[in-house]
Amino acid sequence: MLILNCPYCGRDKDETELAAGGEAHLTRFGPGSSDQDFEGYLFGRANPKGLHFERWRCAAGCGKWFHAARCTATLEVFGTYKAQTLEPPRVIKDAITAKRPGWSWRNFS
Amino acid sequence: MKRNSVFAVAREAMRQHSGWRRTWANPEPKKSYDVIIIGAGGHGLATAYYLGKNFGITNVAVIEKGWLGGGNTGRNTTIIRSNYLQDPSAAIYEKARSLYETLSQDLNYNVMFSPRGVMMLAQTQHEIRGYQRTSHANSLQGVKTEFISPARVKELCPIMNIDGPRYPVLGAHWQPRGGSARHDAVAWGYARACSDMGMHILQKTEVTGINQQGGNVTGVDTSRGHISCKKLGMVVAGHASVVADMAGFQLPIESVPLQALVSEPIKPCMDVVVMANTVHGYMSQSDKGEMVIGGGTDAYNAYTQRGSFHHLEETVRALIETFPMVSRLKMLRHWGGIVDVTGDRSPILSKTPLGNTFINCGWGTGGFKAIPGSGWGFAELMAKGESPLTADFGLDRFRAGRFIDESVAAGVAH
Ligand SMILES: Cc1cc2nc3c(=O)[nH]c(=O)nc-3n(C[C@H](O)[C@H](O)[C@H](O)COP(=O)(O)OP(=O)(O)OC[C@H]3O[C@@H](n4cnc5c(N)ncnc54)[C@H](O)[C@@H]3O)c2cc1C
Ligand SMILES: [Zn+2]
């Protein structure tokens, strides 16, 4: 059972209490954008075997959306963080670097 | 290759089975091939087979990182049906189903195709309307299905409790020539026929990189060295995004675990395949007597080939109301496979941004039934650059908005 800590209410939640929301940090494109950008936003997914940034909702808890950094090959969780950010905070990045040196993700700084 | 026949069985019985030959060869890789297929699952092997059989292209290697048929092809619950809503789906799945009818004779290998009938239960008003619509569509597509009454359901499958209380059975979408086949035998039969045509099946050989020059593919890097090719087919199911990434493009796919389980073997009690999509469970009985049960996918991306335990619990719990006898069964084994789910729940059989490179993926939770039709169409696409069977399944449909939306037709699609 996957257990994630909700960064809003601070509780450890089992996956049965959470709703998965797919890849995080996608740039939203809407009306007026190119077909390519809109397709990428709606359907293009990194879907890596390894480090993945993703959205989760504390569905049976405080109800908030948050983010998690997780490995899809080992199910290891590197950390969770609040959703109001375009990139993970330093501590999460450092936690990932400790385990996966040299990692990168789309256009993160 | 010696032909399999009743005489061969008799002959071998007379000499303690000492004369059976290896089913396929285990060759050393050549430096180059006309065509390389990555992935020796059912779809990859069927593609190679029809490249040889229909187009005379036999300088082919099928490269597999594990053992052939060890991916989703050897992990699925073997439901075969073609009762889809959209015309392009009905065409390719019905092509596959009809090829299954004579596949054992064609391959000279018993794939144990058993057209015992598949029923998809309607347990809500919404499902009644949905399945009636699909069966009307099937009539127009020339796929023989019908919507049947609860009484007929009970007659065809007496172990079912159709009275609810939570989800009474209100009817079913019935395809009498749907059924199942032996999944391993499908992979083995195609592999044997490919090997017989001189093709190389390279097991325990992982593709680690894709080489290109001037926008065209030139070969692949593998754990056993570099191998060149003129054309490349990627047929790796759950690992589609990983292999596409080697070629520098992204796919509209997410990879998630899907699980199945089997019970202890019991006496014959159910001679049809039943799918209950509202409660997310489906069941059939194998020739060994095990009840074969499958459920829904995990909600989040993973490549772990196991999946979360609570899904098994939910699946079995859901089936108990409709099949009360399940509550007395011991479950023997459970396992998972990584399925490649696309944005519109339909597969991708397509050219790619890399020249002379083709991709066949996105079959998700329901591609076993499609293996012969998919191999047939994809081989044509690779040989000729186009195929009527695959035309609507291009990667460009996501940009153009021409979805083949089967997800509205069936929440789960095995
Ligand atoms: C539990 C479960 C139940 C299912 N039930 C049904 C059902 O009832 N009916 C139905 O129609 N479908 C069902 N499916 C779906 C079906 O199994 C798949 O759609 C189908 O088997 C896919 O076949 P494939 O040949 O594309 O993939 P696979 O059989 O997975 O083959 C792909 C191969 O590619 C290899 N590979 C990957 N990466 C590399 C690499 N880098 N180098 C070399 N080789 C590589 C893998 O090792 C693998 O062997 C089910 C799936 C699961 C998991
Ligand atoms: Zn919370």
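Before reading further, recall that the structure is shown in the block above.
Described in the following lines is the structure provided in the data block.

The rules we used
For every chain, the first residue of the written sequence is number 1, and numbering continues from 1 onward in sequence order. Chains carry letters from A onward and ligands carry numbers from 1 onward, assigned in written order. Reporting in this predicted model follows two pLDDT cut-offs: at least 70 for local features of residues, and 80 or more for side-chain atom pairs to be given and counted; totals over whole chains, interfaces and linings ignore these cut-offs and use all residues. Remark: hydrogens and water are excluded; side-chain values derive from all non-hydrogen atoms of the structure. Note on contacts: a residue pair is in contact if any heavy atoms of the two residues lie within 4.5 Å. Here the buried area means the combined drop in accessible surface, using a 1.4 Å probe, for two parts upon being joined, counting both sides. Only one rule defines a salt bridge in this text: a Lys or Arg side-chain nitrogen within 4 Å of an Asp or Glu carboxyl oxygen. What counts as a helix is a DSSP run of H or I of at least four residues, what counts as a strand is a run of E of at least two, and both are numbered from the N terminus. The buried label goes to any residue with under 20% of its type's maximum accessible area, the exposed label to any with over 50%, and the partly exposed label to all in between, with areas taken from a 1.4 Å probe on protein chains only. By this definition, two strands are paired if DSSP reports at least two bridges between them. Here an angle of 0 to 180 degrees is reported between the N-to-C directions of two axes, which are lines fitted to C-alpha atoms, with helices fitted over the stretch in contact. In this analysis a 1.4 Å probe is tested at points of a 1 Å grid over the protein atoms alone, and where it fits but cannot get out there is a cavity; an open set with protein on both sides within 12 Å along at least five of seven lines is a pocket; lining residues have an atom within 4 Å of a point. Grid points are joined across faces, edges and corners, and a volume is the space filled by probe spheres set on the points. Charged residues are taken to be Asp, Glu, Lys and Arg, nonpolar residues to be Ala, Val, Leu, Ile, Met, Phe, Trp, Tyr, Cys and Pro, and polar residues to be all remaining types, Gly included. Note on terminology: near, applied to a residue and a molecule or strand, indicates that one of the residue's heavy atoms is within 4 Å of it. Under the rule applied, a polar contact is a pair of N or O atoms within 3.5 Å (in protein, one hydrogen donor and one hydrogen acceptor; residues adjacent in sequence only if both atoms are side-chain atoms). In this description, a donor is an N, O or S atom within 2.8 Å of the metal centre, a cutoff extended to 3.2 Å for sodium, potassium and calcium. Water is not part of the atom list, which can make sites seem incomplete. Every angle between 85 and 135 degrees makes a four-donor site tetrahedral, while opposite donors more than 155 degrees apart, with all other angles between 65 and 115, make a four-donor site square planar and a six-donor site octahedral; other sites are irregular.

### Description of the interface of chain B and chain A
And step 1. Each partner contributes to the interface: chain B provides 24 residues, whereas chain A provides 24 residues.
And step 2. Counting the surface lost from both chain B and chain A, the interface buries some 2,000 Å², and carbon and sulfur atoms represent 54% of this.
And step 3. When residues of chain B are sorted by the area they lose upon contact with chain A, Tyr300, Tyr303 and Arg399 of chain B head the list and together hold 33% of the total.
And step 4. Inspection of the chain B/chain A interface yields one salt bridge.

### Structural notes on the pattern of salt bridges
Residue and element names in this part refer to chain A.
And step 1. One pass over the full model with this rule turns up 26 salt bridges over all chains.
And step 2. Across the salt bridge formed by arginine 90 and aspartate 94, the nearest N and O atoms sit 3.4 Å from each other. With arginine 90 and aspartate 94 both in helix 2 (residues 90–99) and four residues apart, this pair spans about one turn of that helix.
And step 3. When its relative accessible area of 42% is taken as the criterion, aspartate 94 is described as partly exposed.

### Some thoughts on the sheet that holds strand 3 (residues 19–23) of chain A
Paired through their backbone hydrogen bonds, the strands of a sheet run either parallel or antiparallel.
Residues and elements named next belong to chain A.
And step 1. On the basis of which strands lie adjacent, the open sheet formed by four strands has the order 3-4-5-6 and antiparallel pairing. One side of each edge strand has no neighbouring strand; the edge strands of this open sheet are strand 3 and strand 6 (77–82). Within this sheet the neighbouring strands show an average axis-to-axis angle of 30°, counted without direction.
And step 2. For strand 5 (residues 65–71) and strand 6, the ladder comprises five bridges, and the chain directions are antiparallel. Bridge pairing links phenylalanine 66 to lysine 82 in strand 6.
And step 3. Where helix 2 meets the sheet, its contacts fall on strand 4 (51–57), strand 5 and strand 6, and the angle it forms with strand 6 comes to roughly 170°.

### Considerations on empty space enclosed by the protein
All names here are of chain B.
And step 1. If you walk through the whole model with that rule in mind, you get two cavities of 30 Å³ or more.
And step 2. In this structure, the second largest cavity encloses a volume near 30 Å³.
And step 3. Looking at the second largest cavity, the residues that line it are Gln259, Leu261, Gly294, Gly295, Gly296, His311, Leu312 and Thr315.
And step 4. Contributing elements (two or more residues each) for the lining of the second largest cavity: strand 12 (253–265), strand 15 (290–297) and helix 9 (309–322).
And step 5. Of the residues belonging to the lining of the second largest cavity, the class tally is two nonpolar, six polar and no charged.

### Details of the site of ligand 1
Residues and elements named next belong to chain B.
And step 1. Around ligand 1 lies a shell of 38 residues, among which Glu64, Asn72, Thr73, Thr77 and Lys369 are the nearest.
And step 2. For ligand 1, an oxygen atom lies 2.9 Å from a polar atom in the backbone of isoleucine 79.
And step 3. In this structure, an oxygen atom belonging to ligand 1 sits 2.9 Å away from a main-chain N or O atom of glycine 367.
And step 4. Only helix 2 (42–55), strand 12 and strand 16 (331–342) provide two or more residues apiece to the shell around ligand 1.
And step 5. Here the element with the most residues in the shell around ligand 1 is strand 12; it accounts for three residues.

### Points about the coordination of the zinc ion (ligand 2)
Six octahedral donors around a metal ideally subtend angles of 90 or 180 degrees, whereas four tetrahedral donors ideally subtend 109.5 degrees.
Residue and element names in this part refer to chain A.
And step 1. Every protein donor of the zinc ion (ligand 2) is listed here as Cys6 (SG), Cys9 (SG), Cys58 (SG) and Cys62 (SG), and their distances to the metal cover 2.3 to 2.4 Å.
And step 2. Coordination geometry of the zinc ion (ligand 2): the four donor atoms subtend angles of 104 to 116° at the metal centre, consistent with an arrangement described as tetrahedral.
And step 3. The motif formed by the donor residues of the zinc ion (ligand 2), counted along the single chain, is C-x2-C-x48-C-x3-C. Taken together, the positions of cysteine 6 in the loop between strand 1 (3–5) and strand 2 (12–14) and cysteine 58 in the loop between strand 4 and strand 5 put the pair 52 residues apart, joining distant regions of the chain. An identical accessibility class is assigned to cysteine 6 and cysteine 58; each is buried.

### With respect to helix 1 (residues 6–14) of chain B
One turn of the α-helix equals 3.6 residues, which is why residues spaced by three or four share an orientation.
And step 1. For helix 1 of chain B, the N-terminal cap is serine 5 of chain B; the gap from its side-chain oxygen to the backbone nitrogen of phenylalanine 7 of chain B is 3.2 Å.
And step 2. At the exit of helix 1 of chain B stands glutamine 16 of chain B, carrying a positive phi of roughly 50°.

### Concerning the sheet that holds strand 4 (residues 118–122) of chain B
All names here are of chain B.
And step 1. Taken together, the eight strands give an open sheet; going across it, the order is 5-6-4-13-14-15-12-16, and neighbouring strands pair in mixed fashion. Strands at the two margins of the open sheet, each flanked by one partner only, are strand 5 (146–148) and strand 16. In this sheet, adjacent strand axes meet at a mean angle of 20° when their direction is disregarded.
And step 2. Here three bridges tie strand 5 to strand 6 (residues 171–175), and the two strands are oriented antiparallel to one another. If you follow phenylalanine 147 over to strand 6, its bridge partner there is histidine 173.
And step 3. Helix 5 (residues 125–141) rests against strand 4, strand 5 and strand 6 of the sheet, and its axis sits at about 145° to strand 4.

Spatial relationships are all this shows, so hold off on functional conclusions.
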